[in-house]
Amino acid sequence: MSAKTLPPAVPIGSAAPASALTPAALISIDYIDPPAAIAPLVTTLYHFRCDEPVIRDIQPAAIGQICLFPHGSGEIQFADGRRDPNHPVGLLTPLSRATPIVVDGPFHAFGAALTPLGWAALTGLHAGEHRDRLLPAASVLGEDFGELGEALLNAYRGGTMSGRDCARAVGDFVAANARPVNPRHLALIVAVGHWLGASFNPDTAKLSGAAGYSARQVQRLVERYFGLPPRGLARKYRALRAAALLSGPYLAPEDESAISEAFFDQPHMIREITHFVGRTPARLSDPSMPYLAEMIDPRNLRELRS
């Protein structure tokens, strides 16, 4: 596969100009609710299609994705300057910030967006040590998935399987291959979800003793499963939660007040949302960004349990 050479990217921490992003009318996305058996592991299955010659978007900070690309080649550029190609059968590791994507189209993709538990149960990798990469999936999930992925790509290209069916087949792989997580670690993951969902600015001291772990152990385990230490994780989800509320058609007064209190001032809010979501607050409800709207929808932040 030949990789596209990216043009100069939007500076990380700056808002993407509206003219630089592919508009909604040119994109089709199907989101498929995962079966109940894998709902704790997968936030959504998806099928993405855009037949433009060049596709530009920004991936908000997320936990991780299994992503297969039957059509389209390009790169994702990370904040440290590293660029990874979109391997046909890929695994996007947890992202620490919003990340630009540029692809030579047509661009079609299907796969599964993972929860923190799903990432751990499926990959076994330390989320913090492996964040911000797009890897060949077989290098982590094994050659069996590499072979399955190639078969799904061929079936999609040949028209014998739809994108929805291919995404569901990825979900079946998750169901069959997820491994048990240490019960105490699972209890900590649940406790962190409650902690994140309880406040826009949760007190890190309240995690001390969670699942019977010391503050130092909690620090290490949170980064292992969520990709960031507690303080950075709280920043990320504050921005994602605020963005999800601001992207809706109506902002309740109590939510507006909570968002105002969560940040030092408006410039601080703009910087944080741009850092983790890739857009300014004024553009979050832009109907030309359906992919963004879906990825920050509250139902796709199900790891937050208030």
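Description of the structure in this document. Computed from a prediction, not measured in an experiment: that's the story for all the values here. Counting of residues starts from 1 at the beginning of each chain's written sequence and follows it residue by residue. Thresholds applied to this predicted model are a pLDDT of at least 70 for local features of residues and 80 or more for the giving and counting of side-chain atom pairs; totals over whole chains, interfaces and linings are not thresholded and use all residues. The side-chain values count all of the structure's non-hydrogen atoms but skip hydrogen atoms and water molecules.

Details of the overall build of the chain
Step number 1: Helix and strand assignments come from DSSP, with helices taken as H or I runs of at least 4 residues and strands as E runs of at least 2, each series counted from the N terminus. Regarding its fold elements, the chain presents 10 helices and eight strands.
Step number 2: Here the term buried applies to any residue with accessible area under 20% of the maximum for its type, exposed to any over 50%, and partly exposed to those in between, with areas from a 1.4 Å probe on protein chains only. The 306 residues of the chain split such that 52% are buried.
Step number 3: At a minimum sequence separation of 6, the contacts of the chain that also span at least 24 residues come to 77%.
Step number 4: Note on areas: these come from Shrake-Rupley sampling with a 1.4 Å probe, and a residue is covered only by the protein chains present in the view. If you sum the accessible surface of the chain, you get close to 13100 Å²; carbon and sulfur atoms cover 53% of it. It only takes one pair of heavy atoms within 4.5 Å for two residues to be counted as in contact.

Considerations on the packing of aromatic side chains
Step number 1: For Phe, Tyr and Trp, where Trp contributes only its six-membered ring, two rings pair if their centres lie within 6.5 Å, and the inter-plane angle classes them as stacked under 30 degrees, edge-to-face over 60, or tilted in between. Per the stated rule, a full pass over the model turns up four aromatic pairs.
Step number 2: The interplanar angle of 55° and the centroid separation of 5.4 Å between the aromatic rings of Phe48 and Phe107 together place this pair among those described as tilted. With Phe48 in strand S2 (residues 42-50) and Phe107 in strand S7 (residues 99-114), the pair connects residues that are 59 residues apart, well separated along the chain. For the pair Phe48 and Phe107, a shared accessibility class is recorded, and that class is buried.
Step number 3: Aromatic side chains Phe110 and Tyr156 sit 5.8 Å apart centroid to centroid with 40° between the ring planes, which places their arrangement in the tilted category. Of this pair, Phe110 sits in strand S7 while Tyr156 is found in helix H3 (residues 143-158), placing the two residues 46 residues apart along the sequence.
Step number 4: Put simply, the rings of Phe48, Phe69 and Phe107 pair up and form one aromatic cluster.
Step number 5: Counting as a charge over the ring demands two things of the Lys NZ or Arg CZ atom: a distance within 6 Å of the ring centre and an angle within 35 degrees of the ring normal. It is Arg184 that lies over the ring of Tyr213; its NZ or CZ is 4.0 Å from the centre.
Step number 6: Note that Arg241 overlies the ring of Phe200, its terminal NZ or CZ placed 4.6 Å from the centroid.

Thoughts on the environment of Arg168
Step number 1: Mapping Arg168 onto the fold places it in helix H4 (residues 163-177).
Step number 2: C-alpha separation for the pair Arg168 and Tyr46, spaced 122 residues apart in sequence, amounts to 8.8 Å.
Step number 3: Not counting residues up to four positions away in its chain, the partners in contact with Arg168 are Ile32 and Leu45.

Focus: the pattern of salt bridges
Step number 1: Any Lys or Arg side-chain nitrogen found within 4 Å of a carboxyl oxygen on Asp or Glu counts as a salt bridge. Per the counting criterion, the structure on display carries eight salt bridges.
Step number 2: The salt bridge involving Arg133 is made with Asp84; its shortest N-O contact spans 2.8 Å. Of the two residues, Arg133 sits in the loop between helix H1 (116-123) and strand S8 (134-136) while Asp84 sits in strand S5 (residues 83-85), which places them 49 residues apart along the sequence.
Step number 3: Take Arg133: its relative accessible area is 28%, and that puts it in the partly exposed class.
Step number 4: A residue is classified by how much of its surface remains accessible, and Asp84, at 5% relative accessible area, is buried.
Step number 5: In this structure, Glu223 and Arg131 form a salt bridge, with 3.6 Å as the shortest nitrogen-oxygen distance. Residue Glu223 is found in helix H6 (residues 215-226), and its partner Arg131 is found in the loop between H1 and S8; the two are separated by 92 residues along the sequence.

A look at the packing of helix H7 (residues 230-246) against helix H9 (residues 266-277)
Step number 1: Lines fitted to the C-alpha atoms define the axes, with helices restricted to the stretch that makes contact. Angles between their N-to-C directions range from 0 to 180 degrees. At a minimum axis distance of 9 Å, the contact between H7 and H9 shows a crossing angle of 100°. On the basis of their axis angle, the class for H7 and H9 is roughly perpendicular. Counting all contacts with H7, which are made through Arg235, Lys236, Arg238, Ala239, Leu240, Ala242, Ala243 and Leu246, the residues of H9 involved are His268, Met269, Glu272, Ile273, His275, Phe276 and Val277.
Step number 2: For the contact of H7 with H9, a count of residues per class yields nine nonpolar, two polar and four charged. In what follows, roughly perpendicular refers to angles from 65 to 115 degrees, roughly parallel to angles under 35, roughly antiparallel to angles over 145, and oblique to any angle outside these ranges. Polarity classes work like this: nonpolar for Ala, Val, Leu, Ile, Met, Phe, Trp, Tyr, Cys and Pro, charged for Asp, Glu, Lys and Arg, and polar for all others, with Gly in that last group.

A word on the side chain of Thr123
Step number 1: Summarising the element assignment, Thr123 is placed in helix H1.
Step number 2: By relative accessible area, which is 7% here, Thr123 ends up buried.
Step number 3: Those residues within four positions of Thr123 in sequence are excluded, and the remaining contacts are Leu91, Gly118, Val140, Leu141 and Arg179.

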